Amino acid sequence: MGTTTAVDYDVVIIGAGVAGIYQVKRLTDLGMRAVVLDSAGDLGGTWYWNRYPGCRFDSESYTYGYSFSKELLDEWHWVERYSPQPENLKYLNHVADKFDLRKHMQFNARLDHATWDDAAGAWQLEVSDGRTITSQFLILALGLLSAPTMPRIPGVEDFKGQSWHTFFWPHEPVDLAGKRVAVVGTGATGIQCIAAIAPEVGTLHVFQRRPNWSSPLHNGPISAEEMDEIRSRYDEIFETCARTPGGFEHEPDRRGFYEVTPEERIELWEQLYQQPGFAIWLRNFREIFTDEAANAEFSAWVADRIRERVEDPVIAEKLIPKDHGFGVQRVPMETNYFEVYNQPNVRLVDISETPIERVTETGVQTSAEHFEFDVIVYATGFDAITGAFDRVDITGVGGQSLRDKWADGPETFLGMAVNGFPNLLMPSGPQSGSASTNFPRGIEKGVEWVTGLISYMKEHDHERFDVDRDAEVDWAEHVKAMYATMLMRKAKSWFTGYNSNVDGHEEGKVRYLVYNGGAPKFFRRAERIAESGYHGLTFD
Ligand code: NAP
């Protein structure tokens, strides 16, 4: 690669989260001039921003860490089975410091415009601090859930108390003791946050538009002895994660749903409800994801668990989803969430019945009532997967904008490259294996694939690659076909690009954002493509 001295960097990586940290390590290990830019004040990505109470993994901690360094695996003690945000941020800082990666990172530097300069064979990057940087490669490690969305409710700006989106939870301590608090939104974030703050607040009002299926996380400490045992099994753990569709230790029950009796099904479900993490979702019968009747039977069983836990039967019914079955949206994991509604100071406000009309200076006005608050928390989600890309002006060959190209949904090659956008790579982009798996497991492989491609180009003296349009169309069709059998294609969730607060994403139209064929299939395909000399890419 001969032109690299004419540009500022060989590679600019955007995003200092789990993907960006590992990506810069791999590239600088190869002697490349690489830098990471991040709009945040420090590294950590998701774990830098999301500081709301209750924020924690619902992947097993020891499956979330990087697998590339035995020394790192041996020295790190995950203190909880589902590690909380402060610990996760500490871990990522430890990794960056251990491998001396901070010197390659620049913070408070948001990428605003990225323009491919065909004559120079480089990306021109305009950064929020006023600089223009040139780089041969641009790697977008932007995160899948990093573009938070506020609700489009009139008056949000008028509120005179404290309010914020959970993503922007203040870095300084927040004292909620005795306060009148509202939470809007009951996704995975809202459910974690509500359960964590309920014991502390004066009063809590939960504004719920649609309930979510949720089941117990069963978190707990990991003792030194248990951690030793985990360390001795790391190879086996990562092998299992690499084999399972979701990248977890959880493997689906191989028996057919209809091959066993209803009693045997209940026996399995009773066990799974007591098991930690996503076992209830991912160790279940595979038909839960594809067969309406099987899903309905299981959902009815979970609904009864909710009825057992919530004292007021009217509230219990409001907490049971009626518009979608269990597991067709991303399942939030909870700790005493349903019991919160048995507290006398907690009230569920069903805004599907009495919609919020506006936020006022002092609280929230629904069609039925005005509520006064000290604090309003918006747990209203993200413009998922493509949102962070849409927030940057990315211009490829012939002035084509990525935002326009993806207006009706993304089209990519393996979720890692895009036709018309040369030398642009995404280790965990839309339609990639990382987007539908235990994120770090997919991210690590994505980073390695991206690194492999750049090394290959270096070895073969290639300056530039672009994706063949045919290869991109093939991938888009394959991704679409993988949705065909999944019940999740019918759900209003971020898996399909639904977000009522983003223009064009409000209703029904499915966007093929994630790869549903399972991580092993995805990465086998990616490896085969690499082995073929990157069939589907054209090099100059
Ligand atoms: P989400 O699942 O999209 O939930 C957003 C919530 O806000 C929904 O209940 C939604 O209601 C509600 N909402 C949105 N706009 C609203 C409006 N205008 N008025 C009233 N309600 C509104 O977002 P999230 O909870 O932040 O979770 C997103 C993803 O982040 C999760 O699925 C998960 O993958 C990830 N996450 C992971 C962890 C973890 O690993 N531990 C923790 C938290 C989140 P509707 O359902 O009616 O739209």
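On a predicted model such as this, the values are computed, not experimentally measured, just so you know.

Colleague: Got a minute to help me understand the pattern of salt bridges in this structure?
Modeller: Side chains that differ in sign of charge can pair as their charged atoms come close. Per the stated rule, a full pass over the model turns up 45 salt bridges. Across the pair Arg-131 and Asp-129 runs a salt bridge, and its minimum N-O distance is 2.9 Å. Of the residues examined, Arg-131 reaches a relative accessible area of 30% and is grouped as partly exposed. Using a relative accessible area of 40% as the deciding quantity, one classes Asp-129 as partly exposed. Glu-334 is the salt-bridge partner of Arg-309, the closest N and O atoms lying 2.8 Å from each other. With Arg-309 in helix 11 (residues 292-309) and Glu-334 in strand 11 (residues 333-334), this pair connects stretches of sequence that are 25 residues apart.

Colleague: Explain the packing of aromatic side chains here, please?
Modeller: The relative placement of two aromatic rings is captured by the distance of their centres and the angle of their planes. Evaluated as defined, the whole model comprises 49 aromatic pairs. Judged by centre distance (4.8 Å) and plane angle (70°), the ring pair of Trp-494 and Phe-495 falls under edge-to-face. Between the NZ or CZ atom of Arg-305 and the centre of the ring of Trp-301, over which it lies, the distance is 4.4 Å. The residue whose ring lies beneath Lys-445 is Phe-523, and the NZ or CZ to ring-centre distance is 5.7 Å.

Colleague: What exactly am I supposed to notice about the site of the ligand here?
Modeller: In the vicinity of the ligand, 25 residues are found, and the nearest of them are Arg-56, Thr-189, Arg-209, Trp-494 and Asn-501. A distance of 3.2 Å separates an oxygen atom of the ligand from a polar side-chain atom of Arg-330. A distance of 3.2 Å is found between an oxygen atom of the ligand and a backbone nitrogen or oxygen belonging to Ala-379. Alone, the ligand offers 920 Å² of accessible surface; in the complex the protein occludes 87% of this.

Colleague: Looking at this model, I keep getting lost on the domain arrangement of the protein chain. Mind explaining?
Modeller: Often, the extent of an interface is quoted as the loss of accessible area upon association of its parts. Taken domain by domain, the protein chain holds domain 1 (9-147 + 384-539) and domain 2 (150-212 + 332-381). On a C-alpha basis, the centres of domain 1 and domain 2 stand 32 Å from each other. Taken together, the 19 residues of domain 1 in the interface contact 17 residues of domain 2. Of the roughly 1,700 Å² buried at the junction of domain 1 and domain 2 (both faces included), carbon and sulfur atoms supply 48%. Considering only the side of domain 1, the residues that lose the most area to domain 2 are Trp-49, Tyr-52 and Asn-501, jointly responsible for 36% of the buried surface there. Linking domain 1 to domain 2 there are 2 salt bridges.

The rules behind these values
Residues numbered from 1 in each chain as written. Predicted model: local features only at pLDDT ≥ 70, side-chain atom pairs only at ≥ 80, totals over all residues. Heavy atoms only, no water. Salt bridge = Lys/Arg side-chain N within 4 Å of Asp/Glu carboxyl O. Buried < 20%, exposed > 50% of the residue type's maximum accessible area, 1.4 Å probe, protein only. Helix = DSSP H or I, 4+ residues; strand = E, 2+ residues; numbered from the N terminus. Phe/Tyr/Trp six-rings, centres within 6.5 Å; stacked < 30°, edge-to-face > 60°. Lys NZ or Arg CZ within 6 Å of the ring centre and 35° of its normal. Near = heavy atom within 4 Å. Polar contact = N/O pair within 3.5 Å; in protein donor to acceptor, adjacent residues only side chain to side chain. Areas by Shrake-Rupley, 256 points an atom, 1.4 Å probe, with all protein chains shown as cover. Domains from an automatic or database assignment. Contact = heavy atoms within 4.5 Å. Buried area = accessible area lost by both parts, 1.4 Å probe.

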